[in-house]
Amino acid sequence: MDIVLTLFYLMFCFCVIYPPTEFVAAGFTIPQIFEGFLGSENVNFIGYHMKRITLTAFIHSSLPLGYVFTLWCGGERGSWMLASAIATAIILLLMCYKILCWWEYDKDKHPVVRPLIKYAPSGGDWRVVANSVNISFRGIDKVCLPLTATSKFVATDTWLIKVTQYGMNIIKQGDCSLVATTTDSYNLSQNGEYELQYVNIEVIPMRSDLEQFSLRLSVSALRELQPRLTRPVQVPDHISIMPSLIERFVTVFKYHVDQNPIYYVDQELEQCIGCMQNIADVKIDRRCIPVPEPLEGIAPPPCQQCNCRVLWCCSCVARWWAARASAAMGPGGERAGAQGAWLASRGSCPVCRAVFCVLDVLPVRPRRS
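Residues numbered from 1 in each chain as written. Predicted model: local features only at pLDDT ≥ 70, side-chain atom pairs only at ≥ 80, totals over all residues. Heavy atoms only, no water.

## A word on the overall build of the chain
- In terms of regular secondary structure, the chain is built from 14 helices and twelve strands.
- Here the chain holds 369 residues, and the buried ones make up 41% of them.
- A sequence separation of at least 24 residues applies to 61% of the contacts in the chain between residues at least 6 apart.
- Of the roughly 20900 Å² of accessible surface on the chain, 59% is carried by carbon and sulfur atoms. (Helix = DSSP H or I, 4+ residues; strand = E, 2+ residues; numbered from the N terminus. Buried < 20%, exposed > 50% of the residue type's maximum accessible area, 1.4 Å probe, protein only. Contact = heavy atoms within 4.5 Å. Areas by Shrake-Rupley, 256 points an atom, 1.4 Å probe, with all protein chains shown as cover.)

Quick look at the structure:
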């Protein structure tokens, strides 16, 4: 009986400290259960996490005492029970004393307040800095990236914030640099078509009184974070960031397009209407031999003639093609859709919807006079 209770309680403790996805979805986490007490994170970000860290530390420190109480309810009456109850109660009392120290003397010892004090002016109040963080967090241009089940990284227009179970790292974007240190990759498919890469990033402060901390982000999360940073993440030469599946497909698509005949035009090439950055450099012109209309589900539709002028760059056509191909494959199409399968499919002109294949995408060059 004691072994069963012990195993059950260990599993319960693990789910409380590191809640699995099922617990998070069901709302069985400390922030979700005590949502009424904690308030709104979006309204009062600093105050919310001060309460959350305090409550989390108190509940976690009470778990050993809860184990002794569980054994007592299960019928255990050993001579060691009283000593165990006293020892575990002392652990809880020590944590209560530490929590009291956090909240006394203007709360300047609290794990959330300590990094704020470093930004308060000499003799100033840390609440001014907290209010600045709260206002910045309410902005619509922030990005919140989960790191683990119990931690996340927040980037606003001014601040970089790492939130953990028992603490918080806060630093201004202008006071630090982000440097990629190592990467690790995982193949999620047998043929290696879908690979997930994580990047370990060190946030290095430029001031000696600020604390350095680290992040571990997926490459997709890093790409989402980059536009929110005032300084890009520094990637040393010995570290290679894996391109996304779409970017790899664009490279392969461009290679095949370059093998097609050149389409010469008399007019000057304009900017691509898709990205407005590159020059429009491809023309959709049917080169395939017409075939009878295929039966549904047996063969792709035949290519059609596109009469649109040169409007798109090769990258935009490739991304449009990939989006249509992955959507046609249904949910998970980007994972399951190998580059060869995408190339073998058919695309449609973004303007006139004429069906074409990769053989119909011709590189464009202005005709020399």
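Having seen the structure, we can now continue with the description.
## Concerning helix H1 (residues 2–17)
- Along its 16 residues, H1 runs 22 Å from first to last C-alpha, staying within 8% of the 22 Å computed at 1.5 Å per residue.
- Three or more residues of H1 are buried, namely Leu5, Tyr9, Cys13, Cys15 and Val16. All buried residues of H1 fall inside an arc of 160° around its axis, so they share one side. Facing away from the buried side of H1 by more than 90 degrees, the exposed set consists of Ile3, Val4, Leu7, Leu10, Met11 and Phe14.
- Residues of H1 that are buried in the fold lie against helix H2 (21–26), helix H3 (30–33), helix H5 (45–61) and helix H6 (63–73). (Expected span 1.5 Å × (residues − 1). Arc of directions from axis to C-beta.)

## A word on H5
- If you check H5, its first and last C-alpha atoms are 24 Å apart, about what 17 residues at 1.5 Å a residue would give, namely 24 Å.
- Along H5, 15 of the 17 residues are buried, which leaves the element largely enclosed by surrounding structure.

## Let's talk about the sheet that holds strand S6 (residues 195–205)
- If you walk across this open sheet you meet the three strands as S5-S6-S7, and the pairing is antiparallel. Each edge of the open sheet carries a strand with a single partner, namely strand S5 (176–187) and strand S7 (213–218). For this sheet, the mean inter-axis angle between neighbouring strands, taken without regard to orientation, is 20°.
- As paired strands, S5 and S6 are joined by eleven bridges and run antiparallel to one another. Within the sheet, the bridge partner assigned to Thr182 lies in S6 and is Asn200. (Pairing = 2+ DSSP bridges. Axes fitted to C-alpha atoms, helices over the stretch in contact; angles between N-to-C directions.)

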